[in-house]
Amino acid sequence: MKSDYLTSKPAFYALFVFSLPIIIGNLFQQLYTMVDSAVVGRFVGEQALAAVGASYSLTVVFICVAIGGGVGSSVIVSKYFGARNFSAMKTAVSTAFLTFLGISVFLGAVGIVINRPLLVLLKTPSDALDMALVYLRIYFLGLPFLFMYNVISSMFNAIGNSRIPLVFLIFSSVLNVALDFLFVAVFKSGVAGAAWATLIAQGLSCVLSFAVFMRTLGKFKDSEDGIAAAEETSDGAVLMSGGASFCGGKLSRGGYRKFRFFDGRELSSMAKIAIPSILQQSTVSIGMMLVQSVVNSFGSEALAGYSAFSRIASIAIVPMAALNNSMSSYTAQNIGAGKPERVVKGYRAANLMVAFFAVTLCLCIEIFYRPLISLFIGDGGSETALRTGQAALRFEGFFYCWIGFKMACDGLLRGAGDMKVFTLANLINLSIRVVVSVVCAPRFGIEWVWYSVPMGWFMNFVISFAEYRTGNWKKRL
């Protein structure tokens, strides 16, 4: 397929083809987080499952920094790619890699130092605290691999190639599952084994995907006017014919200049998109940590049930998250190519996909909610854990349309560089979920933790959609 299909093919077809590998890949990525929990819960015990669940609420903050930074930076890369300005694109990619490598090393060191105080602050049950600490220390050692893999995947998506990240996600997921069973079920290494399995799988996937990406990137050449004709190579990558040297590109905000490994102006451009994306992702995660602290106060049995629900919910929203990232790349490429009218068509197509996914998910959850929760808890699980997980899953299943509609609209705004309203909408979403959980759950029951979720999704969508209707997003990027 030609590299410009996001800017030339019919909107529904382009988004579907681009989104499908992301959806499949994210499902595999979620698979090994499920396996971590399921293997630990069944072969180690309910307290171990609670420990992994308590760790997850903290690790997801760091994951979201990586995802937000990668997706935010990829908007600039997508714009350059859409304009066929490959020298500037390579400078932006290199700048992003160096920046996030440094950030990941710093955050990994900070995480190792402050993990115990954070877990105590989050009211982690005492019978799960020590196991959670073991899991986190190993996890933070591998944080640079996790960071760089997510950034590399975002860069592949920025150039319209969502298939290669899928291959490496499948590889990483299958390897992680195999190592989980080997370390935990065979070697009896407990939660430490699950953490080492994740580190090894992500590390190998990161190194291999980086090598492939650099090889792919080297095949893009600029002509002197910054535009070159694209030809498909035999392996599906894109080779720009008639190109000049690797360093001959034309920057969109200036004259010709050579490729640079690090460029402050490109970092500034990316930061305008990446920082709000990081803030949105990380503040939502911090909010979820506060919500997690509310759940933790109900004891390890309720925490185990909520952890099982959270794992299933993270899989259920994969199609919506994929459409969010797809709309960002689709929007940025079409704006870069001077085709904003295609963005509107793409948004309508994304909403049709959301409706299909939401109905399908609701039906599946209503039919299979008992075996899904039992997959994590096991036959010997407590009644409190089973009841908590099942109640949360059944309730949330009716409202996945709202997160889908809000993510499609958010993706469009982010891809267009309309970050103020994007950030405001997500902060209001977070505030509703945190305030309702913190105020109502201790007084009226743990159910208010999941009651708050669709309230936040709905308000987020209303604000984002109102901004979309103004048309201001067409002038931002």
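Residue indices follow the written sequence of each chain, beginning from 1 at its first position. The predicted nature of this model means local features are confined to residues of pLDDT at least 70 and side-chain atom pairs, given and counted, to a pLDDT of 80 or more, with totals for whole chains, interfaces and linings taken over all residues. For side-chain calculations, the full set of non-hydrogen atoms in the structure is used, while hydrogens and water are omitted.

Draft legend 1. Examining the overall build of the protein chain more closely. The helix and strand labels rest on DSSP assignments: H or I over at least four residues marks a helix, E over at least two residues marks a strand, and numbering proceeds from the N terminus. Along the protein chain, the regular secondary structure elements total 16 helices and two strands. Evaluated residue by residue, the protein chain yields a buried proportion of 61% over its 477 residues. Considering only residue pairs separated by 6 or more positions, the protein chain has 79% of its internal contacts joining residues 24 or more positions apart. Summing over all exposed atoms, the protein chain offers an accessible surface of approximately 18,300 Å²; the carbon and sulfur share of this is 69%. Only protein chains enter the accessibility calculation, which uses a 1.4 Å probe. A residue is then buried if its area is under 20% of the maximum for its type, exposed if over 50%, and partly exposed in between. Contact between two residues is taken to exist if any of their heavy atoms lie within 4.5 Å; hydrogens are not considered. Surface accessibility in these figures is a Shrake-Rupley result with a 1.4 Å probe; residues are shielded only by whichever protein chains are displayed.

Draft legend 2. How the structure looks around the packing of aromatic side chains. Two aromatic rings, drawn from Phe, Tyr or Trp (for Trp, its six-membered ring), form a pair once their centres lie within 6.5 Å of each other, and the interplanar angle then sorts them: stacked below 30 degrees, edge-to-face above 60, tilted otherwise. Considering all chains together, one arrives at 21 aromatic pairs under this definition. Pairing phenylalanine 97 with phenylalanine 213 gives two aromatic rings, centres 5.7 Å apart and planes at 65 degrees, and the pair type is edge-to-face. Placement of the pair is phenylalanine 97 in helix α4 (residues 86-121) and phenylalanine 213 in helix α8 (residues 190-217), with a sequence separation of 116 residues. There is no split in this pair, since phenylalanine 97 and phenylalanine 213 are both buried.

Draft legend 3. Quick peek at the pattern of salt bridges. Note on definitions: salt bridges are taken to be side-chain nitrogens of Lys or Arg within 4 Å of carboxyl oxygens of Asp or Glu. Considering all chains together, one arrives at three salt bridges under this definition. In this structure, arginine 394 and glutamate 366 form a salt bridge, with 3.0 Å as the shortest nitrogen-oxygen distance. In this pair, arginine 394 is assigned in helix α13 (residues 383-396) and glutamate 366 in helix α12 (residues 340-377), connecting sequence segments 28 residues apart. Residue arginine 394 is classed as partly exposed on the basis of its relative accessible area, which comes to 35%.

Draft legend 4. Highlighting the packing of α4 against helix α6 (residues 143-158). What counts as an axis is a line fitted to C-alpha atoms, over the stretch in contact for a helix, and the angles between N-to-C directions run from 0 to 180 degrees. Taken N-terminus to C-terminus, the directions of α4 and α6 make an angle of 155 degrees; their axes are 8 Å apart at the nearest point. By the angle class used here, α4 and α6 are roughly antiparallel. Both α4 and α6 take part in a crossing whose hand is right-handed. Packed against α4, whose contacting residues are Val93, Ala96, Phe97, Phe100, Leu101, Ile103, Ser104, Val105, Leu107 and Gly108, the element α6 presents Leu143, Pro144, Phe147, Met148, Val151, Ile152 and Met155 at the interface. Should an angle fall under 35 degrees it is called roughly parallel, over 145 degrees roughly antiparallel, and 65 to 115 degrees roughly perpendicular, with every other angle called oblique. Take the far helix as your reference; a near helix turned counterclockwise from it by less than a right angle gives a left-handed crossing, and one turned clockwise gives a right-handed crossing.

Draft legend 5. Highlighting the side chain of glutamine 390. Within the secondary structure, glutamine 390 is located in helix α13. Glutamine 390 gets classed as buried once you look at its relative accessible area, which sits at 18%. Residues contacting glutamine 390, with those up to four places away along its chain left out, are Tyr369, Arg370 and Ile373.

Draft legend 6. Just the environment of phenylalanine 140, in detail. If you trace the backbone, phenylalanine 140 turns up in helix α5 (residues 126-141). Sequence separation between phenylalanine 140 and phenylalanine 62 is 78 residues; the distance between their C-alpha atoms is 9.3 Å. What phenylalanine 140 contacts, discounting residues up to four positions off in sequence, is Phe62, Gly108, Gly111, Ile112 and Asn115.

Draft legend 7. Spotlight on a nonpolar patch on the surface. Each patch groups residues whose relative accessible area exceeds 30% and which form no salt bridge, using 9 Å between like charges and 5 Å between nonpolar side chains of Val, Leu, Ile, Met, Phe, Trp and Tyr. Taken together, the side chains of Ile112, Leu141, Phe171, Trp196, Ile200, Leu204 and Leu208 define a hydrophobic patch exposed on the protein surface, amounting to about 590 Å² of accessible area. A per-element tally of the nonpolar patch places α8 first, with four residues. With respect to the element layout, leucine 204 can be found in helix α8. For leucine 204, a relative accessible area of 43% gives the class partly exposed.

Draft legend 8. Broad picture of the confidence of the model for the protein chain. Per-residue confidence from the predictor is reported as pLDDT, which spans 0 to 100. With 87% of its residues at a pLDDT of at least 70, the protein chain reaches an overall mean of 81. Overall, residues 223-257 carries pLDDT values under 50, and its contacts beyond four positions in sequence, including any with other chains, amount to 90 contacts.

Draft legend 9. Main features of the side chain of arginine 84. Turning to its location among the elements, arginine 84 is positioned in the loop between α3 (46-82) and α4. Taking the relative accessible area as the measure of exposure, arginine 84 reaches 11% and is therefore buried. Whenever two N or O atoms come within 3.5 Å, that pair is a polar contact, provided that in protein one can donate a hydrogen and the other can accept it, and provided that, for residues adjacent in sequence, both atoms are side-chain atoms. In this structure the side chain of arginine 84 is engaged in a polar contact, spanning 2.6 Å, whose partner is the backbone oxygen of phenylalanine 81.

Draft legend 10. Quick peek at helix α14 (residues 400-415). Any helix carries an expected span of 1.5 Å times its number of residues minus one. For α14, with 16 residues, the first-to-last C-alpha span of 22 Å sits near the 22 Å given by 1.5 Å per residue. Remark: glycine 417 follows α14 within two positions and exhibits a positive phi of approximately 80 degrees.

Draft legend 11. Representation of helix α10 (residues 300-316) within the structure. An ideal rise of 1.5 Å per residue puts 24 Å on 17 residues; α10 measures up with 24 Å between its terminal C-alpha atoms. Among the 17 residues of α10, 16 are classified as buried, and the element is accordingly described as predominantly covered.

Draft legend 12. The arrangement of the nonpolar core in detail. Remark: nonpolar core denotes a set of buried residues (Ala, Val, Leu, Ile, Met, Phe, Trp, Tyr, Cys) joined through side-chain atoms within 4.5 Å. Ranked by internal contacts, the top residues of the largest apolar core, which has 121 residues, are Met89, Phe213, Met320, Tyr400 and Val449. When residues of this core are assigned to their parent elements, the largest contribution, 15 residues, is made by α12. In contact with methionine 320, other than residues within four places in its own chain, are Val354, Phe357, Ala358, Leu361, Tyr400, Ile403, Gly404 and Met407. By size, the runner-up hydrophobic cluster in this structure holds 14 residues, among which are Ala48, Ile138, Ala195 and Leu199.

Draft legend 13. Quick look at unusual backbone geometry. Phi is positive for lysine 188, close to 55 degrees, though the residue is something other than glycine. The topology assignment puts lysine 188 in the loop between α7 (163-186) and α8.

Draft legend 14. Structural detail: the packing of α4 against α5. Axis separation between α4 and α5 bottoms out at 9 Å; the angle between their running directions is 165 degrees. Relative to α5, α4 is oriented roughly antiparallel. Considering the relative orientation of α4 and α5, their crossing is right-handed. Every residue of α5 that contacts α4 at Gly108, Gly111, Ile112, Asn115, Arg116, Leu119 and Val120 is listed here: Leu129, Asp130, Ala132, Leu133, Leu136, Arg137, Phe140 and Leu141. Just so you know the grouping, Ala, Val, Leu, Ile, Met, Phe, Trp, Tyr, Cys and Pro go in nonpolar, Asp, Glu, Lys and Arg go in charged, and all remaining residues, Gly too, go in polar. Residue composition of the contact of α4 with α5, grouped by class: nine nonpolar, three polar and three charged.

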